[in-house]
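Structural features, examined
Listed here are the chains, written in short residue letters.
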Amino acid sequence: MIADGTSAAPRPGTAPLTERSSRVAVARKLTRRAGREKAGAFLAEGAQAVGEALTAHAAGALRMRELFATEHDRHAEHLDRARTAGVPVHLVTERAAASLSETVTPQGLVAVCDLPAVELPAALAERPALVAVLVGVADPGNAGTVVRVADAAGAGAVLFAGDTVDAYNGKAVRASTGSLFHLPVARDRDVSAVLAACREAGLRLVGADGYATGDLDTADRAGELDGPTAWVFGSEAHGLPDEVKSQLDTTLRVPLYGRAESLNLATAAAVCLYASARAQHRAG
């Protein structure tokens, strides 16, 4: 038995929950931002995200409240891990799983997890050498991909500033492919406060700007990327506002050697973050 008195595994012969069951209906509210904020929880869908969430749960870094799964052998390992960890497991119908999914092809595995309460000071407390800051980014797929790229590049935190999309939007969680559980992700609507906190943490503020005078290659050769850096990325449509750029130490563009007009946000972020990561590792 678990703390709320329910069994961690379905009772033998128990019929799978349907999309009309109260548990599924309550979890479905987490597909909306208002529902997530009210419940203090979010959904992690798919084998990769659920696996990473279970690892975080086992490490005490995050609490998984419950796990919904369809009756498929491919889910067996995750269900066993959840039961071992004392996480309540609920078998559901395919339609119930689909009602919790925001994808065209639901994977039939959805976890309800506590929303991490990471404040800005905590995210920067260890003075990371590399940080990604998103300002006004609207597309959750791009936002989640930047979290994934930042994790892969060894960044110490990702900061969501201003009107940037919710990091725990279903599409953003899927796009992060589990990286959301690997590094601190904090949010603050005050962009200036986020930038000031980065500066206080010893980070040089560098904005990615397709119209900047300086470029990434020149800055790298000059050793400008060797030190602790917070890369600041703007919206997909409009880039960084002038009032934000005025608060940065510099802006740089990614040089384009071919005929492409531009790079999308996630690709540009990958190039910039890896340029800093390589420079920092090279500098020792």
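Residues numbered from 1 in each chain as written. Predicted model: local features only at pLDDT ≥ 70, side-chain atom pairs only at ≥ 80, totals over all residues. Heavy atoms only, no water.

Glancing now at the packing of aromatic side chains. What the rule picks out here adds up to three aromatic pairs. Here the aromatic rings of Phe 42 and Tyr 168 are separated by 4.7 Å at their centres, their planes lie at 50 degrees, and the arrangement is tilted. On the criterion of sequence distance, the pair formed by Phe 42 in strand 1 (residues 41-45) and Tyr 168 in the loop between strand 6 (157-161) and helix 8 (170-176) is long-range, its members being 126 residues apart. Accessibility expressed as a relative area gives 0% for Phe 42, which makes it buried. For Tyr 168, a relative accessible area of 9% gives the class buried. (Phe/Tyr/Trp six-rings, centres within 6.5 Å; stacked < 30°, edge-to-face > 60°. Helix = DSSP H or I, 4+ residues; strand = E, 2+ residues; numbered from the N terminus. Buried < 20%, exposed > 50% of the residue type's maximum accessible area, 1.4 Å probe, protein only.)

The next point concerns the sheet that holds strand 9 (residues 214-215). By way of backbone hydrogen bonds, the strands of a sheet pair with one another, either parallel or antiparallel. Pairing is parallel across the open sheet formed by seven strands, whose spatial order is 7-6-5-10-8-11-9. Each of the sheet's edge strands pairs with one partner strand only, and the pair in question is strand 7 (185-188) and strand 9. As defined by bridge partners, strand 5 (residues 130-135) adjoins strand 6 across five bridges and the pair is classed as parallel. Counted as the bridge partner of Val 135 is Ala 161 from strand 6. Of the strands in this sheet, strand 5, strand 8 (204-208) and strand 10 (229-233) touch helix 12 (residues 265-283), which is tilted by about 170 degrees from strand 10. (Pairing = 2+ DSSP bridges. Contact = heavy atoms within 4.5 Å. Axes fitted to C-alpha atoms, helices over the stretch in contact; angles between N-to-C directions.)

What follows concerns a nonpolar patch on the surface. Taken together, Leu 256, Leu 263 and Val 271 make up a surface patch of nonpolar side chains, about 200 Å² in accessible area. Checked against the element boundaries, Val 271 lands in helix 12. (Patch = residues over 30% accessible without salt bridge, like charges linked within 9 Å, V, L, I, M, F, W, Y side chains within 5 Å. Areas by Shrake-Rupley, 256 points an atom, 1.4 Å probe, with all protein chains shown as cover. Salt bridge = Lys/Arg side-chain N within 4 Å of Asp/Glu carboxyl O.)

Spatially, 1-4-2-3 is the arrangement adopted by the four strands of the open sheet, whose pairing is mixed. What marks the edges here is a single partner per strand, and that holds for strand 1 and strand 3 (89-91). Neighbour-to-neighbour, the strand axes of this sheet turn through a mean angle of 20 degrees, independent of strand direction. Pairing of strand 2 (residues 64-69) with strand 4 (residues 109-114) involves five bridges; the strand directions are antiparallel. Looking across to strand 4, one finds that Phe 68 is bridged to Val 110.

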